[in-house]
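# Architecture at a glance
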Amino acid sequence: MRKLSAAIKVDPAAGISGGEVAVEYSLASNEASNKATIKFADRPAHAVAQGTHRALVLVPEVKESGQIDVAVEDQPDGTSLGRARFMMGKKLAGNVHPVANPAFDPRDGSLFVTRSGSRGEHVPISMFRIDRDGTIEEFSGDIMNPTSIAFDRAGRMFVTSRFDGSVNRITSVREVVAFAADLGIATGIAFNREGEMFVGDRSGTIYRVNEIGEAKPWAQHEPSVSAYHLAFGPDDALYVTGPTVSSLIPSHVLMKTDTQLRFTTG
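Residues numbered from 1 in each chain as written. Predicted model: local features only at pLDDT ≥ 70, side-chain atom pairs only at ≥ 80, totals over all residues. Heavy atoms only, no water.

### Topic: the overall build of the protein chain
Put simply, the rule reads: Secondary structure counts use DSSP, requiring at least four H or I residues in a row for a helix and at least two E residues in a row for a strand, with both numbered from the N terminus. Relative accessibility decides the category of a residue: with a 1.4 Å probe and only protein chains considered, values under 20% of the type maximum give buried, values over 50% give exposed, and everything between is partly exposed. Note on contacts: a residue pair is in contact if any heavy atoms of the two residues lie within 4.5 Å. In this description, accessible areas are obtained by the Shrake-Rupley approach with a 1.4 Å probe, and a residue is regarded as covered only by the protein chains that are shown.
Along its length, the protein chain carries one helix and 25 strands. A total of 266 residues make up the protein chain; the buried ones form 43% of that total. Long-range contacts, defined as pairs at least 24 residues apart, comprise 41% of the intrachain contacts of the protein chain with a sequence gap of at least 6. When the accessible surface of the protein chain is totalled, it reaches about 14,200 Å², and 50% of it is carbon and sulfur.

In structure tokens form, the structure reads like this:
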């Protein structure tokens, strides 16, 4: 007799087509698992590995976006043996090259993304603006290898360039103004609660940049083999994530206290 618990679990609970997720359940035997199909909104998923309690599957192409059903069904009669909810992402743009993070304009909710290109490559349009309705607009081609985008508390837009290690401010009339320089291979950028700017150099330095663009080294970490990302959490810690030359240190947490700089990995 085949048996599956009524509740199944999908981890992670959100993704896009082609992503790999784990589906947890409880079947009575390997024979039963071989006959079970996992479907996302009625589209069968390809199983990379499947057993009596867990399967690794690739999220299939589905028309729907937002919350969809994931079901484990018993072949061939299609009986549902368990269901879960999954947040399906929607494709907004293609043919872009977002090396690091995009960013939302706090004033109107529009999304800015890059077509960064290879280092030293000039592309005619290197930044795009996506309206809340999904309309894509060519925004600028004036920054070589734009990498990471962030908005400060005043709603001003800043963009790093890994080509020349700079930070540039883009004005409301789309004029590019140099803000900070000599930041190595500048990648991630983030602002803390006080409005201070932090910029990551792929070589392993994180700079703190003041309001007039003066930069000082703030922390050191392992060099990254490509661009990495910065973000401040609700605990006021600076989180750094990205590929490094060591598979044992996939991410970092940098926290500045009143008396010392604490560096932890995890």
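Still more ground to cover, so stick around.
### A closer look at the sheet that holds strand β13 (residues 136–140)
Rule in force here: Two strands qualify as a pair provided that DSSP identifies no fewer than 2 bridges between them.
Strand order across the open sheet formed by four strands is β10-β11-β12-β13, with antiparallel pairing between neighbours. Both edges of this open sheet fall to β10 (103–104) and β13, since each of them pairs with a single strand only. Pairing of strand β11 (residues 111–114) with strand β12 (residues 127–130), which is carried by four bridges, proceeds in the antiparallel orientation. By the bridge assignment, phenylalanine 112 is partnered in β12 with arginine 129.

### Here we look at the environment of alanine 150
Along the chain, the position of alanine 150 falls in strand β14 (residues 146–151). Judged by its relative accessible area of 9%, alanine 150 is buried. Between the C-alpha atom of alanine 150 and that of phenylalanine 112, which follows or precedes it by 38 residues, the distance is 9.4 Å. Look past the residues within four positions of alanine 150 in its chain and what remains in contact with it is Ala103, Arg156, Met157, Phe158, Ile189 and Phe191.

### Let's talk about the pattern of salt bridges
Keep this limit in mind: Any Lys or Arg side-chain nitrogen located within 4 Å of an Asp or Glu carboxyl oxygen qualifies as a salt bridge.
Scanning the entire structure with this criterion turns up 11 salt bridges. Residues arginine 193 and aspartate 236 are paired through a salt bridge, measuring 2.9 Å at the closest nitrogen-oxygen approach. With a gap of 43 residues between them, arginine 193 in the loop between β18 (186–191) and β19 (197–201) and aspartate 236 in the loop between β22 (229–232) and β23 (238–241) connect regions that are remote in the sequence. Classification of aspartate 236 as partly exposed rests on a relative accessible area of 44%. It is possible to trace a salt-bridge network through shared partners that takes in Asp108, Arg129, Asp131, Glu137 and Arg174.

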